[in-house]
Amino acid sequence: MQVIHRLTVVSNPTRIFEVGTEIDGREVIEIKQVGYEHDNGVFSEFHVLDENGNLIASIENCPVIVDWKTIAVHDEKENDPRQRVVSGT
């Protein structure tokens, strides 16, 4: 499974959102891709969330660079909820 580790918004100035960093006193815990395809194209949207699941930023229809990390199950037991990061992109 892969999760978004860092999102770079290509703008002026460039903005970088990275899991584990702090923005205005709130730690970035998750970056989710929430956009969708529709008849006329794609609506691109990403949510940057804090430790309470609250929205820090929403990036809509902007050029972005997405860096992923691969997450692997800790051992081979089926449905084992323990996970760890094994490599990055």
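What counts, and at which threshold
- Residues numbered from 1 in each chain as written.
- Predicted model: local features only at pLDDT ≥ 70, side-chain atom pairs only at ≥ 80, totals over all residues.
- Heavy atoms only, no water.
- Helix = DSSP H or I, 4+ residues; strand = E, 2+ residues; numbered from the N terminus.
- Buried < 20%, exposed > 50% of the residue type's maximum accessible area, 1.4 Å probe, protein only.
- Contact = heavy atoms within 4.5 Å.
- Areas by Shrake-Rupley, 256 points an atom, 1.4 Å probe, with all protein chains shown as cover.
- Salt bridge = Lys/Arg side-chain N within 4 Å of Asp/Glu carboxyl O.
- Phe/Tyr/Trp six-rings, centres within 6.5 Å; stacked < 30°, edge-to-face > 60°.
- Patch = residues over 30% accessible without salt bridge, like charges linked within 9 Å, V, L, I, M, F, W, Y side chains within 5 Å.
- Lys, Arg positive; Asp, Glu negative; His and termini not counted.
- Charge placed at Lys NZ, Arg CZ, Asp CG, Glu CD.

S.K.: Explain the overall build of the protein residue by residue, including any values.
M.R.: For the protein, the count of helices and strands is zero helices and 10 strands. Burial status across the protein gives 24% buried among its 89 residues. Across the protein, contacts joining residues at least 24 apart in sequence account for 35% of those joining residues at least 6 apart. Summing over all exposed atoms, the protein offers an accessible surface of approximately 6,300 Å²; the carbon and sulfur share of this is 46%.

S.K.: Break down the pattern of salt bridges for me, citing the residues and quoting the values.
M.R.: Here the structure, examined in full by the defined rule, presents three salt bridges. Measuring nitrogen to oxygen at the nearest pair gives 3.1 Å for the salt bridge that ties Asp50 to Arg26. Of this pair, Asp50 sits in strand β7 (residues 45-50) while Arg26 sits in strand β4 (residues 26-33); the two residues are 24 residues apart in sequence, bridging distant segments of the chain. Ionic contacts of the salt-bridge type, sharing partners, join the residues Arg6, Glu18 and Asp67 into one network.

S.K.: Account for the packing of aromatic side chains, with residues named and values stated.
M.R.: As enumerated under the stated definition, the model contains one aromatic pair in all. Seen in terms of ring centroids, Tyr36 and Phe43 are 5.4 Å apart; in terms of plane orientation they differ by 40°. Their pairing is tilted.

S.K.: Any chance you could break down the environment of Val48 for me, citing the residues and the numbers?
M.R.: By the secondary structure assignment, Val48 is in strand β7. Taking relative accessible area as the criterion, Val48 reaches 0% and is therefore assigned buried. Note: C-alpha distance between Val48 and Glu30 (18 residues apart in sequence) is 6.1 Å. When residues no more than four places from it in sequence are discounted, the contact partners of Val48 are Phe17, Val28, Glu30, Ile31, Asn54, Leu55, Ile56, Ala57 and Ile59.

S.K.: An account of a negative patch on the surface is requested, with residue identities and associated values reported.
M.R.: There is a patch of like negative charges on the surface, built from Glu22, Asp24, Glu27 and Glu51. Mapped onto the secondary structure, Glu27 falls in strand β4. Residue classification places Glu27 among the partly exposed positions, given a relative accessible area of 36%.

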